[in-house]
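Each chain is listed here by its residues.
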Amino acid sequence: MTQAWGRLWWRIAWRNLWRNKRRTLLTASALSFGFVASVLMIGLSDGVVEQMIQNGTELVTGQIQIHDQEFLPERGIHDTLGGSDGIDLAGLLAALDEVPLVSGAAPRVYGGGLVSSGDETVGAILMGIDPLREPNVSAFAENLVSGAMPGPGQILVGDQLADDVEVDVGDEVVLVAPAADGSLGNDLFVVSGIFSLDTGLMDGAYALLGLEDLQFLMALPQSRIHEVAMKVDRTRDSNAVAEEVGNAVQSMAPGLLVQPWSEFLPQLYFFTSLASASNLVIAGMIFGMAVFGVANTMLIATYERRREFAVVRALGTARRSVGLTVVCEGILLGAVSLAAGVMIALPLMAWIHAHPIDLSRWVGSYSMMGSSVRPLVTVEYSWDGPIFSGLALVVTGLASALYPAWKAVRVPPADALSSR
Amino acid sequence: MRFRARLPPGGRASLLLFGPLVLAVGGPVSAQTDPRALAIIDEVDRLWRGESSQARVSMAIETENWSRTLELDSWSLGTEYSLIRVLSPAREAGTATLKVDDEVWNYLPRVDRTIKVPPSMMVGSWMGSHFTNDDLVRESRLIEDYDIIISFEGVREGGAGDGQDVWEFTMTPKPEAPVIWGKIVQEVRKADRMPTWARYYDEDGELVRQMSFSGYREMGGRLVPRTMTVEPSDSDERTVVTYHELTFDLGLSQDFFSLRNLRARN
């Protein structure tokens, strides 16, 4: 019986809703628009965040890194994986290749030194790499302006660095670097290529050479490396994969520290968290504004029906039931708007996802938090945005019906019937 | 630059490799400097000004990860010019450093190239020691960059100057001086004008490193501290410089301190 009763009030609410079609459609449009705006905005914001993470991690760092626990933040030359004993590099890389979802693992040695040619000398960050593995993780190989990745006796430099020391592909440079035994390593290298990552930090300071060349220059044995950087296909998997990597390698040497990008790029992580949090605030504001508009409309609708409410009250309907019809009306309005919003939002999202809007023609690319950002407007699918927006929409309908419902309940039957 | 090789904290010192000077007078003197301090420094300085010297030196470097000893030949003229050549170990024999005024060049025999040390690397370690390239250059500029006062005068107990009548000079950087230290304190014995120690503080007033002098003896006809030890305060590391031979008045001219001479092997 209660079920039939409940269905009855829903039906009455539904009919009431469509008594003034134009008004209801306009109100529903406002709510649908709010939903679409909210979903799209969160999607765009997620897109920007995802792109920032990708740009921030795919240039050099990768999404997961292994260091000796002493290595960061000082990046000391002696703090190699496994300490001064080093590590079985081939075994380590083989183990990492086995971990599912790790799509690339690149060993690295770092050093600080001077790059010099003729009268020009500049300080540089020397990075010893495996030229076969490095392209799987970082973007150096994809961003060669000229030449190739470095082979034995060769070096790859950023375009700014190349400008500073006035060298081109095929020229000779001198490298000077403090070595692990306290001596001053120095040797000649031939420039194999020039890269440009569009960030001043990298292009002006990084010089890449073969892992073994740099180890020799810095008097480090081949078992000693400072870092393994790894690529994960989807950045959101980073934390879980980092844990798996940790399990896979922990027994290989003492003191290994495996970190996802959110730990070794804390500023980027902070910024992306901030962006996600601000999504909710803005979505909240959109629906907050909608609440008052919809409440106003519904209030007018209830005033128009004062006499009806008075009649049903006079016929013995409980106050609660009268209020409930109005609330049901609000919820139904929200549901209708949601349905319409979903029908608009989903194709729109899919379309933008498939056809990102490239703004670089107008604004160029810029760099932020050390990562080069191409202003590509795209959306990222996630369930969070639509679910949150949908809930917010229905809650909006409900909330905006409460005050009108309360007014409807308070209609005094005798007065409303006797006057107008 | 995010990367920092593990080098000792950089800074300046009156590096004895370039003549056993305490301080060197040069350039304009600020009104903040105590005239009496200046007079003493000037007196000490006059003994060496314009002098040329040659020294055979050993530099023993101890760090957490390695220890080694360099044998060096050094020549200097006043505080403006100096040339240092590494004699051993073999891997670095022939490596040489030339300092003229504010500039430093290194000659690397392995690649047969001369490299001018860029400004960004001046705080880098010199040959892995606890001296920096900046130490070589800045020595001649102390009075230009710092206000100097006598912060203590009298008999001091303990330390290298135990029971001696000493002056203690405190140097604070002039407002716009391009320096690294927040404060330098140096103690000098009154009797023979010999330095006993110098302490280097950062901008927060924390002790960064201490330099101590010992083994005072006649070399080349003059009293000098034969041994100088530099110890960064955040570790047990040290660099000890010891003079084996020291001669003055060689009659070296400025021409001696040339890039051509930097490259020449003995």
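What you are looking at is a predicted structure, and each value in this text was computed from that prediction instead of being measured.

1. A word on the overall build of chain B
- When you go through chain B residue by residue, the secondary structure sums to four helices and 13 strands.
- Sorting the 266 residues of chain B into buried and exposed places 56% on the buried side.
- In chain B, the share of contacts with a sequence separation of at least 24, taken over all contacts with a separation of at least 6, comes to 53%.
- For chain B, the accessible surface area stands at approximately 11200 Å², while carbon and sulfur atoms represent 47% of it.

2. Remarks on the overall build of chain A
- Tallying secondary structure elements over chain A gives 14 helices and 14 strands in all.
- For chain A, the C-alpha radius of gyration of 32 Å lies well beyond 22 Å, the compact-globule estimate for 420 residues.
- Based on the C-alpha atoms only, the size of chain A along its principal axes is roughly 105 × 50 × 30 Å.
- Taking all 420 residues of chain A together, 51% fall into the buried category.
- A separation threshold of at least 6 residues defines the contact pool for chain A, and within that pool the share at least 24 residues apart is 77%.
- Accessible area for chain A stands at about 19300 Å²; split by element, carbon and sulfur atoms hold 60% of it.
- If the 25 positive side-chain charges of chain A are averaged to one point and the 42 negative ones to another, these points end up 40 Å apart.

3. Notes on empty space enclosed by the protein
- On inspection of all chains with the given rule, the structure shows five cavities of 30 Å³ or more.
- In this model, the largest cavity occupies a volume close to 250 Å³.
- Secondary structure elements with two or more residues in the lining of the largest cavity: β2 (102-117) and β6 (172-178) of chain A together with β5 (103-108) of chain B.
- The dominant element in the lining of the largest cavity, judged by the number of residues it contributes, is β6 of chain A, at three residues.
- Across the lining of the largest cavity, the residue classes break down as twelve nonpolar, eight polar and no charged.

4. As for the environment of Leu 156 of chain A
All names here are of chain A.
- Take Leu 156: it is sitting in strand β5 (residues 154-158).
- A residue is classified by how much of its surface remains accessible, and Leu 156, at 0% relative accessible area, is buried.
- Sequence-wise, Leu 156 and Ala 207 are 51 residues apart; in three dimensions their C-alpha atoms are separated by 5.6 Å.
- Those residues within four positions of Leu 156 in sequence are excluded, and the remaining contacts are Phe 140, Leu 144, Ala 148, Met 149, Pro 150, Ser 192, Gly 193, Ile 194, Phe 195, Tyr 206, Ala 207 and Leu 208.

5. Here we look at the packing of aromatic side chains
Residues and elements named next belong to chain B.
- Per the stated rule, a full pass over the model turns up ten aromatic pairs over all chains.
- Judged by centre distance (5.1 Å) and plane angle (55°), the rings of Trp 181 and Tyr 200 are tilted. Highlighted residues: Trp 181 in the loop between β8 (164-173) and β9 (183-189) and Tyr 200 in strand β10 (residues 195-201), separated in sequence by 19 residues. Of the two residues examined, Trp 181 and Tyr 200, each falls in the buried class.

6. A closer look at the interface of chain A and chain B
- With 33 residues of chain A in contact, the opposing surface of chain B contributes 23 residues.
- In total, about 2600 Å² of surface goes out of reach between chain A and chain B, with carbon and sulfur atoms giving 59% of it.
- Where chain A meets chain B, there are two salt bridges.
- The partner of Arg 113 of chain B in a salt bridge is Glu 172 of chain A, with the nearest N and O atoms 2.8 Å apart.
- Taken together, the links from chain A to chain B amount to nine residue pairs in polar contact (both at pLDDT 80 or more).
- When contributions to the side of chain A that touches chain B are tallied by element, the ones reaching two or more residues are β2, β3 (120-129), β6, β7 (184-195) and α6 (211-217) of chain A.
- With six residues, the top contributor of residues to the side of chain A that touches chain B is β2 of chain A.
- By residue class, the composition of the side of chain A that touches chain B is 14 nonpolar, 13 polar and six charged.

7. A few points about unusual backbone geometry
- The peptide bond linking Leu 72 of chain A to Pro 73 of chain A adopts the cis configuration, its omega dihedral lying at 0°.
- Assignment of secondary structure puts Pro 73 of chain A in the loop between β1 (64-68) and α3 (89-98).
- Of the consecutive residues Ser 88 of chain B and Pro 89 of chain B, the connecting peptide bond is found in the cis state with omega at 5°.
- Even without a glycine there, the phi angle at Leu 101 of chain A is positive, about 80°.
- With respect to the helices and strands, the residue Leu 101 of chain A is situated in the loop between α3 and β2.
- In this model, Asp 249 of chain B sits at a positive phi of 55°, which is unusual for a non-glycine residue.
- Within the secondary structure layout, Asp 249 of chain B lies in the loop between β13 (238-248) and α4 (259-263).

8. Topic: the pattern of salt bridges
- For the structure on display, the rule yields 22 salt bridges over all chains.
- Glu 58 of chain A is paired through a salt bridge with Lys 231 of chain A; the nearest N and O atoms lie 3.6 Å apart. Of this pair, Glu 58 of chain A sits in helix α2 (residues 21-58) while Lys 231 of chain A sits in strand β9 (residues 227-232), and the two are 173 residues apart along the sequence.
- One salt bridge in this structure joins Lys 116 of chain B and Glu 103 of chain B, with 2.9 Å as the shortest N-O distance. Of the two residues, Lys 116 of chain B is situated in strand β6 (residues 113-116) and Glu 103 of chain B in strand β5; the sequence distance between them amounts to 13 residues.
- The partly exposed category is assigned to Glu 103 of chain B, whose relative accessible area is 33%.
- Shared partners join several salt bridges into a network, and the residues in it are Arg 36, Glu 153, Asp 165 and Lys 190 of chain B.

9. Structural notes on helix α13 (residues 384-409) of chain A
- Across its 26 residues, α13 of chain A extends 37 Å between first and last C-alpha, which sits within 8% of the 38 Å expected from 1.5 Å per residue.
- At Leu 402 of chain A, α13 of chain A is deflected by roughly 35°, the largest bend along its length, and proline Pro 404 of chain A occurs up to four residues later in sequence.

10. Some words on the confidence of the model for chain B
- Residues at a pLDDT of 70 or more form 81% of chain B, whose mean pLDDT is 80.
- We note a pTM of 0.74 for the whole complex and an ipTM of 0.75 for its interfaces.

11. Observations regarding the packing of helix α9 (residues 266-304) of chain A against helix α11 (residues 319-354) of chain A
Residue and element names in this part refer to chain A.
- Relative orientation of the contacting elements α9 and α11 amounts to 140°, with a least axis distance of 12 Å. With respect to their mutual orientation, α9 and α11 come out oblique. The way α9 lies across α11 gives a crossing that is right-handed. Contacts from Val 294, Met 298 and Thr 302 in α9 reach Val 326, Glu 329, Gly 330 and Leu 333 in α11.
- Residues belonging to the contact of α9 with α11 are distributed by class as follows: four nonpolar, two polar and one charged.

12. A few points about the nonpolar core
- Counting residues in hydrophobic clusters, the biggest one holds 52 residues, and the most contacted among them are Met 59, Leu 72, Tyr 146, Ile 148, Phe 169 and Met 211 of chain B.
- Formed by 48 residues, the second largest nonpolar core is a distinct cluster that contains Leu 92, Val 122, Val 241 and Val 249 of chain A.

Thresholds applied
- Residues numbered from 1 in each chain as written.
- Chains lettered and ligands numbered in written order.
- Predicted model: local features only at pLDDT ≥ 70, side-chain atom pairs only at ≥ 80, totals over all residues.
- Heavy atoms only, no water.
- Helix = DSSP H or I, 4+ residues; strand = E, 2+ residues; numbered from the N terminus.
- Buried < 20%, exposed > 50% of the residue type's maximum accessible area, 1.4 Å probe, protein only.
- Contact = heavy atoms within 4.5 Å.
- Areas by Shrake-Rupley, 256 points an atom, 1.4 Å probe, with all protein chains shown as cover.
- Rg over C-alpha atoms; globule rule 2.2 N^0.38 Å.
- Lys, Arg positive; Asp, Glu negative; His and termini not counted.
- Charge placed at Lys NZ, Arg CZ, Asp CG, Glu CD.
- 1 Å grid on protein atoms, 1.4 Å probe; cavity = no way out; pocket = protein on both sides within 12 Å on 5 of 7 lines; lining within 4 Å.
- Points joined across faces, edges and corners; volume = space filled by probe spheres on them.
- Nonpolar A, V, L, I, M, F, W, Y, C, P; charged D, E, K, R; others polar.
- Phe/Tyr/Trp six-rings, centres within 6.5 Å; stacked < 30°, edge-to-face > 60°.
- Buried area = accessible area lost by both parts, 1.4 Å probe.
- Salt bridge = Lys/Arg side-chain N within 4 Å of Asp/Glu carboxyl O.
- Polar contact = N/O pair within 3.5 Å; in protein donor to acceptor, adjacent residues only side chain to side chain.
- Expected span 1.5 Å × (residues − 1).
- Bend = angle between axes of the 7 residues up to and from the residue.
- pLDDT = per-residue confidence, 0-100.
- Axes fitted to C-alpha atoms, helices over the stretch in contact; angles between N-to-C directions.
- Parallel < 35°, antiparallel > 145°, perpendicular 65-115°, else oblique.
- Left-handed = near helix turned anticlockwise from the far one by under 90°.
- Core = buried A, V, L, I, M, F, W, Y, C linked by side-chain atoms within 4.5 Å.

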